[in-house]
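# Chains, contacts and geometry: an overview
These are the residues of each chain, in order.
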2 protein chains.
Amino acid sequence: MRLSTKGRYAVTAMMDIALHNDVGPVTLADISQCQGISLSYLEQLFAKLRKGGLVEGVRGPGGGYRLARPASEISVADIIQSVDEKLDMTKCGGRGNCSRGETCLTHQLWFELSCNLYRFLSGIKLDQYVNRPEINELVKKQDRQYGRFINRPQAMA
Amino acid sequence: MRLSTKGRYAVTAMMDIALHNDVGPVTLADISQCQGISLSYLEQLFAKLRKGGLVEGVRGPGGGYRLARPASEISVADIIQSVDEKLDMTKCGGRGNCSRGETCLTHQLWFELSCNLYRFLSGIKLDQYVNRPEINELVKKQDRQYGRFINRPQAMA
DNA sequence: TAAATTCCTGACTAATTTAGTCAGGAATTA
DNA sequence: TAATTCCTGACTAAATTAGTCAGGAATTTA
């Protein structure tokens, strides 16, 4: 069982944006450099995040992406599902017609697993991480290292 | 996030064996036909399950596979991990050196997710399902449909 | 208004993983 | 000795993931 980098990247990028939400839009170029993700690939992911209503793009100089709603209303499950990762572990999409029309021997197991997963991930909102001191430390360190937001006073607060 | 058919097949096959544990060894040919899994592929999976100490093979006519320990001591996590599926969702293997030696922004999140997953799946043992009436119904139906164990009286009990 | 910046799109390619095939040998039973 | 079943390793096909590339559209600032 694995989480592809697609979902991983998406959550990381969203976290980056959430952590700078008070500073202003964050460019994909910044995220690319700072989090080590290919820019073109990020663009593909953000097309989906936009369609999913999680972020909005701001074009032109000084633009970038910002959250489309408060960080407290964006869960990790929302993000992962937006980029097409499914949290459903049944092979039948929960319909129970997995084995020649009947449910398969393990249907119930995967169904319960999916519920567990969904409950867990939809309970985690971005703001929970934004408020953790150790994560804030990490971000400030990154920002200094890459000289991000160097001309925006709030960022240095 | 997805569970590959590798893990899914492995658990299904193990469930099949557990459900016939009182009848005797179950052949891969039977599992293949009944659960719709390619025989050669099953053989690959069972090589791993054997190495993992979950099943033992019995060669020769009347042979097959049986559980290497009681169904109450085999968890779904055991099975999935035996066939190389990882339950670790961090990309650093839990070591925390994900982003140029430091932990990445999302390390903690994936770590907590992994713990949750592992706790859930290692809490589910095969015998819990063997004892569910609806699953027993399903198996008996399958057995009749494919004429399995037709010459072994216990199976029809 | 021109230049710079950034989002935005679609088509393409490379790499990896998953799923499955094939050929044949080894142990056991009847 | 013949049938059955496990067991092994090498190979192939298909799917998915990850990433590239080329270029256009909107916006801001000079």
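Now for a description of the structure that goes with this document. (Residues numbered from 1 in each chain as written. Chains lettered and ligands numbered in written order. Predicted model: local features only at pLDDT ≥ 70, side-chain atom pairs only at ≥ 80, totals over all residues. Heavy atoms only, no water.)

### Here's the deal with the relation of the copies chain B and chain A
Between the two copies, chain B and chain A, the superposition gives an RMSD of 0.0 Å; the rotation angle is 180 degrees and the shift along the axis is 0.0 Å. Read as a symmetry element, the transformation amounts to a two-fold axis. Within chain B, B:Arg2 has its C-alpha nearest the rotation axis, a separation of 3.0 Å. With an isologous cut-off of 70% or more, the 100% of interface residues of chain B that recur at the interface of chain A puts this contact in the isologous class. (Least-squares fit on C-alpha atoms with pLDDT ≥ 70 in both. Contact = heavy atoms within 4.5 Å.)

### A look at the environment of B:Glu112
Assignment of secondary structure puts B:Glu112 in helix 5 (residues 107-122). Classification of B:Glu112 by relative accessible area gives partly exposed; the value is 27%. Along the backbone, B:Glu112 and B:Met89 are 23 residues apart, and their C-alpha atoms lie at a distance of 9.0 Å. Not counting residues within four places of it along the chain, the set of residues in contact with B:Glu112 comprises A:Phe120, A:Tyr129 and A:Arg132. Within polar-contact distance, the side chain of B:Glu112 engages the side chain of A:Tyr129 at 3.1 Å. (Helix = DSSP H or I, 4+ residues; strand = E, 2+ residues; numbered from the N terminus. Buried < 20%, exposed > 50% of the residue type's maximum accessible area, 1.4 Å probe, protein only. Polar contact = N/O pair within 3.5 Å; in protein donor to acceptor, adjacent residues only side chain to side chain.)

### Digging into the protein's contact with DNA strand C
In the vicinity of DNA strand C, 26 residues are found, and the nearest of them are A:Arg50, A:Tyr65, B:Thr5, B:Gln44 and B:Arg59. By atom count, sugar and phosphate contribute 64% of the portion of DNA strand C lying within 4 Å of the protein. Here A:Glu43 contributes a side-chain N or O atom positioned 3.0 Å from a base nitrogen of DNA strand C. Take A:Arg50: an N or O atom from its side chain is 2.8 Å from a phosphate oxygen of DNA strand C. Those elements that provide at least two residues to the surface near DNA strand C are helix 3 (39-51), strand 1 (55-58) and strand 2 (64-67) of chain A together with helix 1 (5-19) and helix 3 (39-51) of chain B. Of the residues contributing to the surface near DNA strand C, the split by class is 8 nonpolar, 13 polar and 5 charged. (Near = heavy atom within 4 Å. Nonpolar A, V, L, I, M, F, W, Y, C, P; charged D, E, K, R; others polar.)

Take it as geometry only, folks, not as evidence of what the structure does.
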